[in-house]
Every structure is written in structure tokens, then in C-alpha cells.
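Reading the structure
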Amino acid sequence: MTAKLVIGNWKMNTRLDSARALAEALLKDATTNREGVGVAAPAVYLAALAEQLKGGKIALSSQDVSRFDADGAFTGETSAAMLADVGCRYALVGHSERRQYFGEDNAALLAKMRHAIAAGVAPVLCVGETLEQREAGSYKEVVAEQLSVLSEVEGDYVIAYEPVWAIGTGKVASLEQIAEIHAFIKNWCLQNAAASDKIRVLYGGSVKAENAEAILATKNVDGALVGGASLDAGSFRVICQAAGKLI
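Throughout what follows, the structure given in this document is the object of discussion. Keep in mind the model is a prediction, meaning the values are calculated, not measured. (Residues numbered from 1 in each chain as written. Predicted model: local features only at pLDDT ≥ 70, side-chain atom pairs only at ≥ 80, totals over all residues. Heavy atoms only, no water.)

Among the secondary structure elements, Arg34 is positioned in the loop between helix 1 (16–27) and strand 2 (37–40). In this structure Arg34 is buried but unpaired, with Glu35 as the nearest side chain of opposite charge at 8.2 Å. (Helix = DSSP H or I, 4+ residues; strand = E, 2+ residues; numbered from the N terminus. Buried < 20%, exposed > 50% of the residue type's maximum accessible area, 1.4 Å probe, protein only. Lys, Arg positive; Asp, Glu negative; His and termini not counted. Salt bridge = Lys/Arg side-chain N within 4 Å of Asp/Glu carboxyl O.)

Encoded structure:
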């Protein structure tokens, strides 16, 4: 079996010293310093962390990637080639916060995914519904529409299912809900995106030390995208330990 993948999304947190201290704590522990563990750091710290993580096994991820491919007059953007240049193995694409605050649509996300794959950086496509969409019963249609970009890309990628109503709220989808939507995502990809049966679907949304083992043991859950808990080395270690038990 492919190892379960755990990526810590630090979001817009840390400063250089605290980012380095957190990375150092993860490097010193064999539970976190292993294949199948990654950290998505703020863009301004990626180069420094890439240097620090050299020689270790922790994968570096960006939290976003530009929809523009070639170098040029795109002030403030970071291209996929630049991310590859500093050692990023993954790039988050379409996180609900990017969709909500920056209005990212499928056209932009498709461009981002294509450029990341072309640069050798595996995109992690984030999908998930709001509470209103869940309660209305339209969550599968919402997720399918978000997944539709995958019918137009080829290459290696990861999917992260994060119900918007469970991100940073302390609420967590039930194990039955998680199993159902993960099975739906995998079946959709097999039918519509020419994906292999080895496609990895991570769960995100208030994953923490206390619930990680149960979530990671759920059928069709291939890992976790961890938010707040990834900022604490001890909590992140417990989550990675749970993932390691289930390889």
C-alpha cells in the first residue's frame, strides 16, 4: 500500500524563527521526519525551510501557485517553476480560503494544476462544501463541480476533501460522512478523470491529535491535510504517528 500522506498547512502563521524551530522539531523526530509527511509553509519562508529540510525526508509544499506559467510582469505571483526551484514537492490548489477570499474559479485552478504538474510539483486540489450546501443535500454536486478540472489534466496529483464547515471550527464530519464522500470522490475520478485506483484523497477539517487515528482508519482516507494542529509539533507528531500505524 502507498503510505498515508499527512501535510501540515501552516496558513498565514509563524515568523522565520518560529518556522525554523517548528521544522527543527519535526526533523528531530523519526515519526515526523519520514516519507509521507509534508509541510505547507508561507511562501516567504519556503526557500529558508527548503535549505533546512535538506537531508531530511519531510516534503515541502507551497500553499498556492500562480495561474501564470512564464516569467513576466505578474507582480506578487510565484510560478510553479519557482516553487520547483526551491524544492517544493507539493502545492495546495483551490483551498476554500483561496476560493472564498480571492475568488478563484475552475479556470484559474485548472491553469494552476497544469503548470504545477509540468514543473514536477504535485498539486493538492482542495474540494469541499459549505454547511448550507451540506444541509441542502447538494454536497455531491458541489464537490463534483470542483473536481471537474481533473478531467482536463494529466499527471500526478492529490485531492484533499475539506468540508468548509469543519475548517477551523472544531466541527468534524462523522466517520460515515467522510467514508461516503471519499468513496464518491474516488469513483468520480475513476469514471471522469482517467485516474488510477491509487489516487490519494486526504481528509482535512479540524483534524487533531484526539481524532486523527479514527479518521485515518476510515475506508478510502489516504491521509490528512492538517491546519491548526500542524503548528504544534507534539500534536502533529501524534497525527503522523497515527498515519504511520496504518501504512
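The structure having been displayed, the exposition proceeds.
Turning next to the packing of aromatic side chains. Scanning the model with the defined rule gives 2 aromatic pairs in all. Their ring planes at 10° and their centres at 4.0 Å tell us that Phe68 and Phe74 sit as a pair that is stacked. The class of Phe68 is partly exposed, set by a relative accessible area of 27%. Taken together, a centroid distance of 6.2 Å and an interplanar angle of 45° make the contact between Tyr161 and Tyr203 tilted. Of this pair, Tyr161 sits in strand 6 (residues 158–161) while Tyr203 sits in strand 7 (residues 201–204), and the two are 42 residues apart along the sequence. (Phe/Tyr/Trp six-rings, centres within 6.5 Å; stacked < 30°, edge-to-face > 60°.)

So, on to the pairing of strand 4 (residues 88–93). Most of strand 4 sits out of view: 5 of its 6 residues are buried. Relative to strand 4, strand 3 (residues 59–62) runs parallel, the two being bridged by 3 bridges. In the strand pairing of strand 4, Ser62 is matched with Ala91. For the segment spanning strand 3, helix 3 (residues 80–85) and strand 4, crossover handedness is right-handed. Sheet analysis places strand 4 next to strand 5 (residues 122–127), joined by 4 bridges and oriented parallel. For Tyr90, the partnering residue across the bridge sits in strand 5 and is Ala122. (Pairing = 2+ DSSP bridges. Right-handed = clockwise from strand over helix to strand, strands pointing away.)

A positive phi angle, close to 50°, is found at Lys11, a residue other than glycine. Among the secondary structure elements, Lys11 is positioned in the loop between strand 1 (5–9) and helix 1. Even without being a glycine, Thr14 presents a positive backbone phi close to 80°.

What follows covers the sheet that holds strand 6. If you walk around this closed barrel you meet the 8 strands as 1-2-3-4-5-6-7-8, and the pairing is parallel. Going across the sheet, the axis of each strand differs from the next one's by a mean of 25°, ignoring polarity. Examined bridge by bridge, strand 1 and strand 8 (residues 223–226) share 4 bridges and lie parallel to one another. Bridge pairing in strand 8 links Val6 to Ala224. Sheet contacts for helix 7 (residues 139–147): strand 5 and strand 6; angle to strand 5, the most-contacted strand, approximately 155°. (Axes fitted to C-alpha atoms, helices over the stretch in contact; angles between N-to-C directions. Contact = heavy atoms within 4.5 Å.)

What follows concerns the pattern of salt bridges. For the coordinates displayed, the defined rule picks out 13 salt bridges. Of the charged contacts, one joins Asp64 and Lys112 as a salt bridge, the two residues approaching to 2.7 Å between their closest N and O atoms. Pair noted here: Asp64 is in the loop between strand 3 and helix 3 and Lys112 is in helix 5 (residues 106–118), with a separation of 48 residues, a long-range link. Residue Asp64 is classed as partly exposed on the basis of its relative accessible area of 22%. For Lys112, a relative accessible area of 4% gives the class buried. Measuring nitrogen to oxygen at the nearest pair gives 2.8 Å for the salt bridge that ties Asp222 to Lys186.

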